[in-house]
Amino acid sequence: MLQKNIQDLYLSSSPKLMLALNISNPQATPAIKKVVISMGLGACLGDRKKIDEAVVQLTQISGQKAVITRAKKSVSGFRLREGVDVGCCVTLRKKRMKDFLTRLLFLVLPRVRDFRGLRPASFDGHGNYSFGLSEQTVFPEIDAEKVGFSQGMNVCVVTSAKNDHEGRLLLTSLGFPFSKE
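In short, a report on the structure. All values reported here derive from a predicted model rather than from experimental measurement.

**Quick look at unusual backbone geometry**
- With phi around 60°, Asn22 is a residue other than glycine that occupies positive phi space.
- With respect to the helices and strands, Asn22 occurs in the loop between helix H1 (6–21) and strand E1 (32–40).
- Non-glycine residue Lys94 carries a positive phi angle of around 55°.
- Under the relative-accessibility criterion, Lys94 is labelled exposed at 66%.

**What to know about the side chain of Asn128**
- By secondary structure assignment, the location of Asn128 is in the loop between helix H3 (94–111) and strand E4 (129–133).
- For Asn128, a relative accessible area of 15% gives the class buried.
- In terms of polar contacts, Asn128 uses its side chain to reach the backbone amide nitrogen of Thr159, at 2.9 Å.
- Discounting residues that sit within four places of it in the chain, Asn128 has contacts with Ser122, Phe123, Val157, Val158 and Thr159.

About the criteria used
Residues numbered from 1 in each chain as written. Predicted model: local features only at pLDDT ≥ 70, side-chain atom pairs only at ≥ 80, totals over all residues. Heavy atoms only, no water. Helix = DSSP H or I, 4+ residues; strand = E, 2+ residues; numbered from the N terminus. Buried < 20%, exposed > 50% of the residue type's maximum accessible area, 1.4 Å probe, protein only. Polar contact = N/O pair within 3.5 Å; in protein donor to acceptor, adjacent residues only side chain to side chain. Contact = heavy atoms within 4.5 Å.

Here you go:
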């Protein structure tokens, strides 16, 4: 069991966050709403086996069944037709979200090769933060010998922050390792 838990960090950082943002109401402090993990499988368009493998791996990583995403439009330049499987995603909330963030911060990110911190410029203007991981084998749930192909993933942390400054303060107080750009 991990010594630190994201819930414990969140509870201990709330008074500090309220003070830093000059907020008197504890209900007005920013919080994490959900985490969306997605894998784009454009390179595997015709290979159903690889898509199924990616769904199984994303399900193992998140602890929740992944959903296959389909193309909304046909794009002839990419040889893509409407309705073709192009990826998979999962949305985590509450306990599963906290468990995933705990594993991400304390187990996965330290295992990433040449990791120098997360880019602080990857906020979207509304306090939400997105970043990518180059391969799924950094997660302890995935057996590297059973992986048929290496696949990256995107992680989007959706917050209730009103702007990037509030979102950055929230994620920093929770222990997200931002680089010093």
